[in-house]
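Single-letter residue listing:
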Amino acid sequence: MDGVVSDVAVGVKRGSDELLPGGVLNGPNSNMSSIVTANGNDSKKFKGDDKMDAAPSRVLHIRKLPSEVTETEVIALGLPFGKVTNILMLKGKNQAFLELGSEESAITMVNYYSTMTPNLRNQPVYIQYSNHKELKTDITLNQRAQAVLQVVTSVHTSNSSLTGTAGDNSVSSGQSPVLRIIIDNMYYPVTLDVLHQIFSKFGAVLKIITFTKNNQFQALLQYGDPVNAQQAKLALDGQNIYNACCTLRIDFSKLVNLNVKYNNDKSRDYTRPDLPSGDGQPSLDPSIAAAFAKETSLLGLPVTVPGALSPMGIPNAAAAAHAAGRAGMGGMSSGGYTVLLVSNLNEEMVSPQSLFTLFGVYGDVQRVKILYNKKDSALIQMADGNQSQLAMSHLNGQKMYGKIIRVTLSKHQTVQLPREGLDDQGLTKDFGNSPLHRFKKPGSKNFLNIFPPSPTLHLSNIPTTVSEDDLRTLFTNTGGTVKAFKFFQRDHKMALLQMSTAEEAIQALIDLHNYNLGENHHLRVSFSKSTI
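Attention in this report is confined to the structure presented alongside it. The residue count restarts for each chain, going from 1 along the sequence in the order it is written. pLDDT decides what is reported in this predicted model: residues at 70 or higher carry local features, side-chain atom pairs at 80 or more are listed and counted, and totals for whole chains, interfaces and linings draw on all residues regardless. Here the side-chain values reflect all heavy atoms present in the structure, with hydrogen atoms and water set aside.

Burial classes: relative accessible area under 20% of the type maximum marks a residue as buried, over 50% as exposed, and values in between as partly exposed (1.4 Å probe, protein chains only). What counts as a helix is a DSSP run of H or I of at least four residues, what counts as a strand is a run of E of at least two, and both are numbered from the N terminus. In terms of burial, helix α8 (residues 352-359) is a largely internal element, seven of the eight residues being buried. Regarding α8, the residues found buried are Pro 352, Ser 354, Leu 355, Phe 356, Thr 357, Leu 358 and Phe 359.

This paragraph deals with the packing of aromatic side chains. Side-chain rings of Phe, Tyr and Trp (the six-membered ring for Trp) are treated as a pair once their centres are within 6.5 Å; stacked means planes under 30 degrees apart, edge-to-face means over 60, and tilted covers the remaining angles. Counted according to the given criterion, the structure contains two aromatic pairs. A centroid spacing of 4.2 Å and a plane angle of 10° characterise the contact between Phe 356 and Phe 431, whose relative ring orientation is stacked. Pair noted here: Phe 356 is in helix α8 and Phe 431 is in the loop between β21 (428-430) and β22 (456-460), with a separation of 75 residues, a long-range link. The residues Phe 356 and Phe 431 share a single accessibility class, namely buried. In this scheme, Lys NZ or Arg CZ marks a charge over a ring once it lies within 6 Å of the ring centre and within 35 degrees of the ring normal. Directly above the aromatic system of Tyr 372 lies the positively charged group of Lys 375, at a separation of 4.6 Å from the ring centroid.

Attention shifts here to the environment of Asp 269. By the secondary structure assignment, Asp 269 is in strand β14 (residues 267-269). Overall, Asp 269 belongs to the buried group, its relative accessible area being 6%. Sequence-wise, Asp 269 and Ile 208 are 61 residues apart; in three dimensions their C-alpha atoms are separated by 6.7 Å. Pairs of residues are marked as contacts when any of their non-hydrogen atoms sit within 4.5 Å. The residues touching Asp 269, leaving out its near neighbours within four places in the chain, are Leu 206, Lys 207, Val 260, Asn 263 and Leu 275. Two N or O atoms form a polar contact when they lie within 3.5 Å of each other; inside protein one atom must be a possible hydrogen donor and the other a possible acceptor, and for residues adjacent in sequence the pair counts only when both atoms belong to side chains. Only 2.5 Å separates the side chain of Asp 269 from the side chain of Thr 271, close enough to count as a polar contact.

As for its placement among the helices and strands, Gly 432 is situated in the loop between β21 and β22. C-alpha of Gly 432 to C-alpha of Asp 364: the two residues are 68 residues apart in sequence and 8.2 Å apart in space. Discounting chain neighbours no more than four positions away, the residues touching Gly 432 are Gln 366 and His 437.

What follows is about the sheet that holds strand β25 (residues 524-527). By definition, the strands of a sheet pair up through backbone hydrogen bonds, in either a parallel or an antiparallel sense. Two strands qualify as a pair provided that DSSP identifies no fewer than 2 bridges between them. Pairing is antiparallel in the open sheet, where four strands are placed in the order β23-β24-β22-β25. Two strands close off the open sheet at either side, each with one partner strand: β23 (482-487) and β25. For this sheet, the mean inter-axis angle between neighbouring strands, taken without regard to orientation, is 20°. In this analysis an axis means a line fitted to C-alpha atoms, helices contributing only their contacting stretch, and an angle means the value between N-to-C directions, from 0 to 180 degrees.

Let's shift gears to the nonpolar core. Here, nonpolar core refers to any group of buried Ala, Val, Leu, Ile, Met, Phe, Trp, Tyr and Cys residues whose side-chain atoms link them within 4.5 Å. In this structure, Phe 199, Leu 355, Phe 359, Leu 457, Leu 459 and Phe 475 are the most contacted members of the largest nonpolar core, which totals 82 residues. Those residues in contact with Phe 359 that lie beyond four places of it in its chain are Leu 340, Val 342, Val 365, Ile 380, Met 382, Ala 391, Leu 395 and Val 407. Counting residues in each nonpolar core, the second largest holds 30 residues, with Leu 65, Tyr 113, Tyr 129 and Ala 204 among its members.

Our next topic: the sheet that holds strand β8 (residues 126-129). A sheet is described by the order of its strands in space; here four strands give the open sequence β4-β5-β3-β8, paired in antiparallel fashion. Where the open sheet ends on each side, the last strands, each with one partner, are β4 (84-90) and β8. Between one strand axis and the next, the sheet turns through 20° on average, direction left out of account. In this structure, strand β3 (residues 59-63) lies alongside strand β5 (residues 95-100), joined through four bridges in antiparallel fashion. Of the residues in β5, the one forming a bridge with Leu 60 is Leu 98. Along the sheet face, helix α1 (residues 71-78) touches β3, β4, β5 and β8 and points at about 135° away from the line of β4. Here helix α2 (residues 103-115) sits on the sheet and contacts β3, β5 and β8; the angle it forms with β8, its principal contact strand, is near 140°.

Everything listed here is a matter of geometry and, on its own, says nothing about what the molecule does.
Structure (structure tokens):
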């Protein structure tokens, strides 16, 4: 039921005449406006306002509100789902009625909060449909709530600036339920599920969109309540997800609502499980996501503890690899999923060597096997579980030889070599003893320079006899366009070179990493977070 509230508190239109207290007729045949008070002192119940019986309505009934809750906090519950058009607070009964701009918005809100109970002031509140189809209030008797509603809705403006991925409206900074998150020093992958796990500690997370901008991994994350966004920002800004890396930089977004088109490993709307995964951005299989979440589980300490997000003393592949690299410890654990399944490859172009070179940016590739009966797919065995997850995080959805590749974790523990004497047409290769592994040396600087594919490449080990023109010509010959080039000011052995697209940069890296420039100088190529 909507509970114990006053019949004089609400007048509604149901499509038929209704007798209001005092004999006032409200309905299609009445010229009278409904009279509303907000004291909630009468103890009569609304008939038929039981959640199980009530049909969807844009008027929602909210129960068990904390006595000190404000109108702003109640309105904030509805803002992520659409425009809030009216509110009636019944503080004496710890209840409220909230009217949304459309029935569709109300349905989305009820569906979401039925699976994730909202909290106001650390107390659960309950939301259900009201049988009332429209909430009419007397402005003179409900002035405070109407004034708050007017202020909150007045900050809404039209159409946000993030084309195609986010936004309906913008709002003044500090009041938005949407946070903009930048990950600095991202040596290890931060997935959408990891973000959800961290930020859910502060309230209901409705939507997340992740993307790379200016060669930095960023995310937009929407709460059901701006208060939760504020709490999360205060607690998490400047914290490290893992020891000494993956630092959270958090600010309020100007957006108040995110439009998520696809549910996959790049974006998710937790209020719309029916959304497609989208073309070209394959969704992570739930079992894979679960395995990854387990591998990168976070320390569940109170946020008031310094370094609470750092995985101190808990099993964590990313932290273990990071510790091994920083402290110079010999040998990293190869626990977890070490074998990747790569699909949608260009079978006319791909080779074990090209996969070794590309995936070698993110870990030491041990073996590569292109499947004999399905040559657009391959198995790649990395040195440890963290490296496989790192490669999956950065390369899934990237374009290689004109095709968007899909990278997932394989159920296989190892990549089997062909039986002795069996010719598999060069589809399987063992790279275990390759001198080109980037991460064999403990404490290597390579641990600190792992970035997602980008148009800008970092070049090193360049002999003094090789000029800018030489390098521009060399990289143009890979089939792409060199847009910019810059030698490092203090060290001409290194340079930045920018191709037109990340796909061209991937191609150039595959073709030219370890290229012999003469004088026993083999070119080193990696992706850069810098721009020219």
